[in-house]
Amino acid sequence: MRAYAIRRFLLIIPTVVIITGLLFLVLRLIPGDVVTMIAASRTWQQELGTTEAVSTDEIRHAFGLDKPWYIQYRDWVGGFFKGDFGTSLWTGVTLTDELKTRLPVTLELSVMSLIIGLVSSVPLGIYSAIRQDTLLDYTGRTISIFLLAVPNFWIATAVVAYPVVFWHRSIVPIEYIAFAKNPLGNLWQFFVISFIMGAFTSGGTVRITRTMMLEVLRQDYIRTAWSKGLSEKLVVFRHAVKNTLIPVVTIIGGMIPGLFGGAVIMEQIFNLPGLGRYFLTAVTQRDYLIISGWNFLMSVFILIFIVLTDLAYAYVDPRIRYK
Amino acid sequence: MSTAQATNATKKPAKRLNFFTDLIKRLFKEKVMGVIGLVLVVLLFFVGIFAPLLSPEKSTTTTSAWNIAHQESRFLAPFTNSKFILGTDQLGRDVFSRLIYGARLSMYVAVVATSMQIVLSLVIGVACAYFGGWFDLIIQRFVDAWICFPYLVILITIMSIVGPGVVQIVVVLGVSSGIGGSRFMRSLVFGIRENQYIYASQAVGARSGHIMWRHILPNIMPVVIIIFSGSMGGMILAEASLSFLGLGIPAPFPSWGGMINDGRTYMLLAPGLIFWPGVALTLVVFGINMFGDALRDLLDPRLRGGLGSYRLDKGEAIAKKLRAQLEAAKPRLEQDIAGLNKK
């Protein structure tokens with residue numbers, strides 16, 4: 001186990017290097033027009049008499065874009081070690097400062113939708129498998145495929161729009177309610193949004209749980225358990241469900257990145273001041289230092305998460321670490 | 001006896017050609033929901049291909065059918081005007097015609113992007129698994145890094161660089177999901193690389209390209225078909241999400257996601273504008289997923305029911321069927337045994 005863990009952790013290093021490489025490439029692809037954009041806005045400011053006119057060359061120099069690429073790369077990666085992940089070109093606020101207020105919003109949303117998704121889907125998947133090809137199985141599968149098909153941004157838009165259109169009142173507030181100010185209002189707001197996100201992910205989880213459970217139910221040890229004369233309850237819960245949940249948990253681990261992607265859309269629709277909306281704003285403003293810094297932090301977070309799931313999987317399933 | 005052998009010999013190649021008709025037959029017999037999915041998929045392709053014929057608005061030399069604006073009749077409600085069945089939008093364009101041309105866009109994105117994804121993931125996956133060693137190690141680190149980015153975030157980032165557009169979104173969707181999907185293809189090929197017939201082929205001196213094309217590819221083809229049908233729905237949804245965010249297909253084009261985004265601004269004036277594109281999206285993706293699911297059940301032998309199923313009533317039914325088959329075969333078996341004894 002220790003050898004496997006060390007090997008797995010060592011593989012993080014090249015991956016992180018490649019991540020910074022890919023992001024640096026992106027970072028160098030964007031600047032061209034962001035500089036002209038900023039120059040345009042500065043000249044616009046100058047017309048108002050706030051600052052002096054700035055040429056694009058001066059902006060390039062100020063951002064260090066006139067240096068050779070390897071020095072730019074060194075400065076950029078060097079910043080990570082000092083905790084500097086980028087500063088907004090427009091507002092001048094660092095990513096780390098924004099993170100402090102925005103991370104809790106996105107985390108609350110992701111964790112809540114994950115819980116809602118799991119609580120509603122895993123039992124349904126298990127039940128669907130032990131009663132394979134019954135009416136309930138068909139209904140459950142159809143609903144789960146349907147949930148996978150409904151675009152969550154559409155449902156979210158409808159939830160925002162239709163109550164206002166038809167009943168002249170809104171179900172969920174369009175402005176963010178801080179937990180400290182109004183705990184119940186905050187929980188309700190996040191519950192509704194997480195429910196929409198969770199419904200989408202639960203469609204996938206029902207199917208995965210069902211398939212895994214079906215595979216486990218065809219194993220020899222389940223037949224042995226049956227032939228011992230155990231009750232269905234014991235066979236299902238003690239023998240089958242436990243073995244089903246191991247692969248299911250790792251696959252759910254793989255869904256975490258998707259949750260962050262979903263949060264981007266949800267925060268945009270419901271005006272939540274989270275990380276996703278921050279990212280979208282940065283993208284529309286071509287705030288490339290924030291885009292790459294945000295991507296770097298997010299990918300490293302997910303990388304660590306992937307490694308931890310791998311290790312947990314290897315811990316429960318010894319076959320993996322001896323490969 | 002010789003005639004029977006001859007018919008057998010002619011039958012076998014015919015059976016291989018009939019793989020798809022066979023599949024469709026089994027689909028209709030065993031998977032009712034899959035048939036519903038198939039109908040929806042066929043409908044999407046039909047509407048997509050014949051959009052110019054089906055759309056009430058016709059293209060003129062200057063304006064495409066989906067972009068004809070009637071300034072005098074904006075925000076018409078659905079089902080109130082015989083000329084505009086589903087109403088009109090903020091520019092007075094016919095929503096129904098735009099939906100039909102939206103089907104064409106969705107079909108195009110789904111087919112082209114998924115094909116790119118499959119080809120790219122096959123090339124990377126098969127090459128990595130087949131050659132192994134350093135090549136595999138280096139390429140896989142890139143794939144590792146790639147899958148650390150949330151899918152939608154990658155798409156948003158790249159689309160913001162290359163700019164919105166139909167070609168851009170297809171390429172970006174195809175390439176980014178192709179790199180991620182190569183991991184699965186690689187594991188598939190690992191499963192069959194150790195087979196005797198691969199070694200045999202290598203021993204005879206076959207070139208790597210030949211082995212990959214003739215021995216590896218046909219063996220993973222069923223799974224490739226499953227992935228193809230399974231990915232199309234996701235592609236359509238991803239395109240819709242990006243267009244909704246304003247990063248996918250740009251404004252005048254009738255992308256369903258973009259139509260929902262446009263409708264948000266006018267939700268009080270015309271609540272139907274958000275409704276119809278969403279219904280179209282849901283139906284199409286639902287159909288594709290249903291069909292893909294049925295296809296997977298038919299093609300993946302591991303998921304077939306049968307003796308492995310733990311339910312006793314089912315097991316008994318199968319035992320009964322087997323017993324009946326045995327009974328039916330008894331006379332012929334006895335004949336054969338008698339014939340052997342004679343010899």
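Per-chain numbering applies: the sequence of each chain, read as written, is numbered from 1 onward. Here the convention is simple: chains get letters from A, ligands get numbers from 1, in the order in which they are written. With the structure being a predicted model, the display of local features is reserved for residues of pLDDT at least 70 and the display and counting of side-chain atom pairs for 80 or more, all residues being used for whole-chain, interface and lining totals. With hydrogens and water excluded, all non-hydrogen atoms of the structure serve as input to the side-chain values.

Enquirer: Could you clarify how one ought to interpret the packing of helix α6 (residues 95–130) of chain A against helix α9 (residues 183–217) of chain A in this entry?
Expert: For any two helices packed against each other, one specifies the crossing angle of their axes together with the interaxial distance. All names here are of chain A. Where α6 contacts α9, the two axes come as close as 4 Å, and the packing angle between them is 35°. In the packing of α6 onto α9, the handedness of the crossing is right-handed. Following the grouping adopted for this structure description, the nonpolar residues are Ala, Val, Leu, Ile, Met, Phe, Trp, Tyr, Cys and Pro, the charged ones are Asp, Glu, Lys and Arg, and the polar ones are all others, Gly among them. Across the contact of α6 with α9, the residue classes tally to 20 nonpolar, 13 polar and 2 charged. A fitted line through C-alpha atoms serves as each axis, taken over the contacting stretch for helices, and the angle formed by two N-to-C directions is quoted from 0 to 180°. Here a helix means four or more residues in a row that DSSP labels H or I, a strand means two or more in a row labelled E, and each is numbered from the N terminus. Each crossing gets its hand from how the near helix is turned against the far one by less than a right angle, where anticlockwise is left-handed and clockwise is right-handed.

Enquirer: Can you walk me through the packing of aromatic side chains in this structure?
Expert: Any two aromatic rings considered together are summarised by their centre-to-centre distance and by the angle between their planes. Pairing of aromatic side chains here covers Phe, Tyr and the six-membered ring of Trp, requires ring centres within 6.5 Å, and sorts the geometry by plane angle: under 30 degrees stacked, over 60 edge-to-face, intermediate tilted. With the rule as written, the count across this model stands at 20 aromatic pairs over all chains. Considering the side-chain rings of Phe85 of chain A and Phe296 of chain A, the 6.3 Å spacing of their centres and the 25° angle between planes classify their relative orientation as stacked. In this pair, Phe85 of chain A sits in the loop between α5 (69–81) and α6 while Phe296 of chain A sits in helix α13 (residues 288–316), placing the two residues 211 residues apart along the sequence. Where Phe146 of chain A meets Phe286 of chain B, the ring centres are 5.7 Å apart and the plane angle is 75°; that geometry is what we call edge-to-face.

Enquirer: What exactly am I supposed to notice about helix α12 (residues 275–284) of chain A here?
Expert: In an α-helix, one turn spans 3.6 residues, which is why side chains three or four residues apart end up on the same side. Burial analysis of α12 of chain A places 7 of its 10 residues in the buried class, which makes it a mostly covered element. Classification of residues uses two cut-offs on accessible area relative to the type maximum, computed with a 1.4 Å probe and protein chains only: under 20% is buried, over 50% is exposed, and between them is partly exposed. Looking at α12 of chain A, one finds that the buried residues are Leu275, Gly276, Tyr278, Phe279, Leu280, Ala282 and Val283 of chain A. By definition, residues are in contact when any of their heavy atoms lie within 4.5 Å. Looking at the buried positions of α12 of chain A, the neighbouring elements they touch are α6, α11 (232–270) and α13 of chain A together with α7 (151–162) of chain B. Trailing α12 of chain A by a residue or two, Arg286 of chain A shows a phi angle of about 55°, which is positive.

Enquirer: Honestly, the packing of α11 of chain A against α12 of chain A in this entry has me stumped. Any pointers?
Expert: All names here are of chain A. Running from amino to carboxyl end, α11 crosses α12 at an angle of 85°, the nearest separation of the two axes being 7 Å. Relative to α12, the element α11 lies roughly perpendicular. On α12, the residues that touch Val264, Glu267 and Gln268 of α11 are Leu275, Gly276, Arg277 and Leu280. Note on terminology: angles under 35 degrees are roughly parallel, angles over 145 are roughly antiparallel, angles of 65 to 115 are roughly perpendicular, and the others are oblique.

Enquirer: I'm lost on the side chain of Ser177 of chain B in this one. Help?
Expert: Residues and elements named next belong to chain B. Within the fold, Ser177 resides in helix α8 (residues 166–193). Residue classification places Ser177 among the buried residues on the basis of a relative accessible area of 12%. Setting aside its immediate chain neighbours within four residues, Ser177 contacts Gln117, Tyr151 and Met235.

Enquirer: Just checking my understanding: could you explain the interface of chain B and chain A for this structure?
Expert: Quoted interface sizes are often the accessible area lost when the parts come together. Contact residues are listed per partner, giving 51 residues for chain B and 58 residues for chain A. Once two parts are joined, some of their accessible surface, as seen by a 1.4 Å probe, is lost; buried area is that loss totalled over both. When chain B packs against chain A, the two sides together hide about 4800 Å² of surface, and 72% of this comes from carbon and sulfur. Salt bridges are counted wherever a side-chain nitrogen of Lys or Arg sits within 4 Å of a carboxyl oxygen of Asp or Glu. Where chain B meets chain A, there are 1 salt bridge. Those elements giving two or more residues to the side of chain B that touches chain A turn out to be α6 (133–146), α7, α10 (208–244), α11 (256–265) and α12 (272–299) of chain B.

Enquirer: What is the right way to read the confidence of the model for chain B from this model?
Expert: Interpretation of the predicted coordinates at a detailed level should be avoided for regions scoring low in pLDDT. Residue and element names in this part refer to chain B. How sure the predictor is of each residue is captured by pLDDT, a score from 0 to 100. Mean pLDDT over chain B: 83, with 90% of residues reaching 70 or higher. Within chain B, helix α1 (residues 2–17) has the poorest average pLDDT of any element, 48, and helix α5 (residues 95–131) the best, 92. The low-confidence segment residues 1–14, where pLDDT is below 50, has 0 contacts with residues more than four positions distant or belonging to other chains. Low pLDDT, under 50, characterises residues 304–311; the predicted model gives this stretch 21 contacts beyond four residues in sequence or across chains.

Enquirer: When you look at the domain arrangement of chain A in this model, what are you seeing that I'm missing?
Expert: As used throughout, domain bounds are those supplied by an automatic or database domain assignment. Split by domain assignment, chain A resolves into domain 1 (1–90 + 285–323) and domain 2 (104–241 + 261–272). The gap between the C-alpha centroids of domain 1 of chain A and domain 2 of chain A is 33 Å.

Enquirer: Help me understand the environment of Phe63 of chain A, please; the structure alone is not making it clear to me.
Expert: All names here are of chain A. In this structure, Phe63 sits in the loop between α4 (56–62) and α5. In the structure, Phe63 is positioned 226 residues away from Leu289 in sequence and 9.9 Å away in space, judged by C-alpha atoms. Residues contacting Phe63, with those up to four places away along its chain left out, are Ile38, Leu89 and Tyr288.

Enquirer: How should I be thinking about the state of the cysteines in this particular structure?
Expert: Disulfide: a covalent bond formed between the sulfur atoms of two cysteine residues. Residues and elements named next belong to chain B. Any two cysteine sulfur atoms lying within 2.5 Å of each other are counted as a disulfide. Under the definition given, this model contains 0 disulfides over all chains. Free cysteine: Cys128, not disulfide-bonded; nearest cysteine sulfur from Cys148 at 17 Å. For Cys148, a relative accessible area of 0% puts it in the buried group.

Enquirer: Help me understand the nonpolar core, please; the structure alone is not making it clear to me.
Expert: Most often, soluble globular proteins have nonpolar side chains that are buried together. Buried Ala, Val, Leu, Ile, Met, Phe, Trp, Tyr and Cys residues form a nonpolar core when they are joined through side-chain atoms within 4.5 Å. With 142 residues, the main nonpolar core has Phe270 of chain A together with Ile156 and Trp256 of chain B as its most contacted residues. Ile156 of chain B has contacts with Val264, Phe279, Leu280 and Val283 of chain A together with Leu242, Leu245 and Leu247 of chain B, leaving out every residue within four places of it along the chain.

Enquirer: Honestly, empty space enclosed by the protein in this entry has me stumped. Any pointers?
Expert: Residue and element names in this part refer to chain B. The pocket and cavity definitions rest on a 1 Å grid over protein atoms only: a 1.4 Å probe that fits but cannot leave marks a cavity, an open set with protein on both sides within 12 Å along at least five of seven lines marks a pocket, and residues lining either have an atom within 4 Å of a point. Grid points are joined across faces, edges and corners, and a volume is the space filled by probe spheres set on the points. Evaluated as defined, the whole model comprises 4 cavities of 30 Å³ or more. Asp89, Gln90, Arg93, Val95, Arg98, Met259, Asp262, Gly263, Leu273 and Pro277 are the residues that line the largest cavity. Residue assignment for the lining of the largest cavity shows that the elements contributing at least two residues are α5, α11 and α12. Per element, the largest residue contribution to the lining of the largest cavity is 3 residues, and it comes from α11. Within the lining of the largest cavity, the residues separate by chemical class into 4 nonpolar, 2 polar and 4 charged.

Enquirer: Hey, could you run me through the pattern of salt bridges in this one?
Expert: Any two side chains of opposite charge can pair if their charged atoms end up close together. Residues and elements named next belong to chain A. Applying the stated rule across the entire model yields 16 salt bridges over all chains. We note a salt bridge from Asp75 to Lys67, for which the minimum N-O separation is 3.4 Å. A relative accessible area of 35% means that Asp75 is categorised as partly exposed. Overlapping salt bridges bring together Lys67, Arg74 and Asp75 as one network.

Enquirer: Just checking my understanding: could you explain the side chain of Ser106 of chain B for this structure?
Expert: On the secondary structure map, Ser106 of chain B appears in helix α5. Excluding residues within four positions of it along the chain, Ser106 of chain B makes contact with Ile236, Glu239 and Trp256 of chain B.

Enquirer: Would you mind showing me how to read α11 of chain B here?
Expert: Within α11 of chain B the residues assigned to the buried category are Trp256, Gly257, Gly258, Met259, Ile260 and Gly263 of chain B. Lining the buried residues of α11 of chain B we find α8 (152–167) of chain A together with α3 (32–49), α5, α10 and α12 of chain B.

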